[in-house]
Amino acid sequence: MLKFCQKRGRVFPSGGRGRRRRDLLRFKTGLGMRLRRGVCVTGVCQVTGRVRLLAGAHRLLSFNYCLPVLQFKNMATHSLETRFARWCAALWWLGAFFLGFADIPVSADETVLVGVASADITPDYPVRLSGYGGRRTEHVGVAQRIGLQALAMGPDSRGLAVLVTIDNCSVPGALRAEVLRRVREAGVLLADERFAIAFSHTHCAPMLEGALENLFGMDIPEDHRERIHRYTEDVTRWMTDAVLKAVRLREPSFLASGFGRVGFAANRRSFPDKPVDHDVPVLRVTDLGGRLRVVLAGYACHCTTIGIDAIHGDWAGCAREALERDFPGAVGMIAIGCGADQNPNPRRTMELVKQYGEDLAAEVGRVIRGEGMRSVPGAIACRAERIPLEYATLPTREEWNVLASKSGAVGYHARRNIARLERGETLPTALPYWIQTWSFGDALHMVFLPGEVTVDYGLRLKREFDRDRLWVNAYSNESACYIPSRRVLEEGGYEGGGAMVYYDRPTKFAWDVEERIIAAVRRLLPSSALRRDAAR
Ligand SMILES: [Zn+2]
């Protein structure tokens, strides 16, 4: 029998030299393809990332060399007759004689090693849910189970990239850092800029330690805090395990992207401008046999269809469930775009939350089956930069005193800051903001922005860059806070500054917040990602 070496990306005989033909017939490669009648088999070396064809002729396989020949376009079948395989083999041996067994890279961009893993993260103990400040009790029941999904892409030597999607309102940066630390401790080389977490912002998931700490406008009781701590630990462990499992399960796959549109998001602000972003970016992962493995979709809208005190993934959870029902065996993943000022409309019923999930899944299904899907290369260039987002002038001590007399989160926030000042601490004057971009060759560029990013950012980036190749994710990597555009900042209101107290930020942002973020994205993405007419 033969074995596919994951490390060297080659097939090696594991038995003696006298293997019989029927052994070869039973051979199933690490690629999940069965050798039939001496077919050729493709392989992707996990070290070099190169695509190779492995020898099909069993006599050649008695040597400890794989057979890099050509990449056949009909990757879905790989069925080549023995005679042709032998012709290829003969050609390779001739070439190898002159070239000294050099590896021949062939269209490595068209396949990428992809692994995926999911975990159920529904707690079996009571935990206070985040999302709505009026909650005073821990959750009551489970209306829908919640989960996380890890998507590992790329070979080790080229740099692995891992995206995690998770049903949660707000994930603190400390949790991401701890998962990354544990993943590295387990021996997986994963660079900071190559690890992204996209949280769904469902308002019916348990609170995580360090995110939205001021939401309830009061201290959280100690027993509630203990279980929030326990859940944070559990999620850290589940996420680490899922990332490691996804890395372990990588196998050659194809990526393709496309865009659809769904209309249930509406601008929720009572101000004159009412922009929306109804784009649905989609990433499809199929194996070499054409089987759907993963569907990742994005949409710029709050997960606030419902406000129940039971656990639920809101429309994102329903969309994932519908995708996994419609495509058995595939993993659904949902990321949220710049939907900070977007709500599902209408809302507040269980029928609507299901309907929105079905609407999104139906559109995603139409997109991935359609003609508009474009191949996406697996070489992912990841970049990141942490920039300071300056706050406006901080309140004076007198102003803090006035604020402290107010009720609810505003007063609570002011009293916490007064206590900090009395301890001799200095209040921050800027928010460190971590911007991350992933470029899949030049075919698709993803932007990851932390926090609740208002819709203007997504729309502006899609005007400045080529919108057919740009995918903007908000609610990424760190809890941050609301990120208003210049327009929203000037208009004021909840997203313009009022919500900063829930995130324990000292005051609203300075006027240049939008320009700082857009300039950083421009620095991180290649100029080829710009709109083609703008780039000229
Ligand atoms: Zn929100």
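Source: prediction; values computed, not measured.

Student: How should the overall build of the protein chain be read in this particular structure?
Tutor: Counting its secondary structure elements, the protein chain contains 13 helices and 21 strands. Here the protein chain, with 536 residues, has 50% of them falling under the buried criterion. Considering only residue pairs separated by 6 or more positions, the protein chain has 78% of its internal contacts joining residues 24 or more positions apart.

Student: Explain the environment of Glu 515 to me, please; I cannot follow it from the model alone.
Tutor: Relative to the helices and strands, Glu 515 is located in helix 12 (residues 513-524). C-beta crowding within 10 Å serves as the criterion here: with 10 such atoms nearby, Glu 515 is assigned to the exposed category. When the C-alpha atoms of Glu 515 and Ser 485 are compared, they prove to be 8.8 Å apart, with 30 residues separating the residues in sequence.

Student: I'm lost on the nonpolar core in this one. Help?
Tutor: The nonpolar side chains of soluble globular proteins are, as a tendency, buried together. By size, the foremost hydrophobic cluster in this structure holds 137 residues, and its most contacted members are Ala 150, Leu 151, Val 162 and Val 243. It is helix 4 (residues 222-248) that contributes the most residues to this core, 9 residues altogether. For Val 243, the residues in contact, after removing those within four places along its chain, are Ala 150, Ala 152, Val 162, Val 164, Val 179 and Val 183.

Student: Looking at this model, I keep getting lost on the environment of Gly 290. Mind explaining?
Tutor: Its place among the elements puts Gly 290 in the loop between strand 11 (279-287) and strand 12 (292-299). Spatially, the C-alpha atoms of Gly 290 and Ser 253 are 8.7 Å apart, while their sequence positions differ by 37 residues.

Student: Teacher, can you tell me more about the environment of Lys 462 here?
Tutor: As for its placement among the helices and strands, Lys 462 is situated in helix 9 (residues 455-464). In sequence terms Lys 462 and Leu 530 are 68 residues apart; their C-alpha atoms lie 9.0 Å from each other. Here Lys 462 is in contact with Arg 467 and Leu 470, once residues within four sequence places are set aside.

Student: Just to check I follow, could you spell out the sheet that holds strand 20 (residues 470-473) for this structure?
Tutor: Backbone-to-backbone hydrogen bonds pair the strands of a sheet. The strands run either parallel or antiparallel. Across the sheet, which stays open at both edges, the 4 strands sit in the order 16-17-18-20 with mixed pairing between neighbours. Every interior strand has two partners, whereas the edge strands, strand 16 (380-390) and strand 20, have only one. The mean angle between the axes of side-by-side strands here comes to 15 degrees, regardless of whether they run parallel or antiparallel. For strand 16 and strand 17 (residues 430-440), the ladder comprises 11 bridges, and the chain directions are antiparallel. By the bridge assignment for strand 17, Pro 388 is matched with Pro 432. Each of strand 18 (444-448) and strand 20 touches helix 9; the most contacted strand, strand 20, lies at about 160 degrees to it. Strands strand 16, strand 17 and strand 18 of the sheet are contacted by helix 12, whose axis makes an angle of about 160 degrees with strand 16.

Student: Would you explain the packing of helix 7 (residues 397-404) against helix 8 (residues 408-422) in this entry?
Tutor: Helix-helix packing: each pair is described by the crossing angle between the helix axes and the interaxial distance. Running from amino to carboxyl end, helix 7 crosses helix 8 at an angle of 140 degrees, the nearest separation of the two axes being 7 Å. Classified by the angle their axes make, helix 7 and helix 8 are oblique. Along this stretch, helix 7 crosses helix 8, giving a crossing that reads as left-handed. Note on element contacts: helix 8 touches helix 7 through Val 410, Gly 411, Ala 414, Arg 415, Asn 417, Ile 418 and Leu 421, opposite Arg 397, Trp 400, Leu 403 and Ala 404. When its residues are assigned to classes, the contact of helix 7 with helix 8 shows 7 nonpolar, 2 polar and 2 charged.

Student: What exactly am I supposed to notice about the pairing of strand 9 (residues 251-261) here?
Tutor: As a general feature of sheets, a regular strand has side chains that alternate between the two faces. Bridging between strand 5 (residues 112-120) and strand 9 involves 3 bridges; their strand directions are antiparallel. For Val 114, the partnering residue across the bridge sits in strand 9 and is Glu 251. The pairing of strand 9 with strand 11 spans 9 bridges and is antiparallel. Considered in strand 11, the bridge of Arg 261 is made with Asp 279. Taken together, the 3 bridges between strand 9 and strand 15 (residues 374-376) define a ladder with antiparallel strand orientation. The residue of strand 15 that forms the bridge with Leu 255 is Val 376.

Student: Would you take a moment to explain helix 4 for this structure?
Tutor: Because the α-helix completes a turn every 3.6 residues, residues three or four places apart line up on one side. A rise of 1.5 Å per residue sets the reference length of helix 4, with its 27 residues, at 39 Å; its end C-alpha atoms lie 39 Å apart and thus fit the reference within 8%. Those residues of helix 4 that fall on the buried side of the exposure criterion are Ile 228, Tyr 231, Thr 232, Val 235, Met 239, Thr 240, Ala 242, Val 243, Leu 244, Ala 246 and Val 247. On the buried face of helix 4, the contacting elements are strand 5, strand 6 (147-153), strand 7 (161-166) and helix 3 (173-185).

What counts and how
Residues numbered from 1 in each chain as written. Predicted model: local features only at pLDDT ≥ 70, side-chain atom pairs only at ≥ 80, totals over all residues. Helix = DSSP H or I, 4+ residues; strand = E, 2+ residues; numbered from the N terminus. Buried ≥ 20, exposed ≤ 12 C-beta atoms within 10 Å, placed from the backbone. Contact = placed C-beta atoms within 7 Å. Core = buried A, V, L, I, M, F, W, Y, C linked by C-beta atoms within 7 Å. Pairing = 2+ DSSP bridges. Axes fitted to C-alpha atoms, helices over the stretch in contact; angles between N-to-C directions. Parallel < 35°, antiparallel > 145°, perpendicular 65-115°, else oblique. Left-handed = near helix turned anticlockwise from the far one by under 90°. Nonpolar A, V, L, I, M, F, W, Y, C, P; charged D, E, K, R; others polar. Expected span 1.5 Å × (residues − 1).

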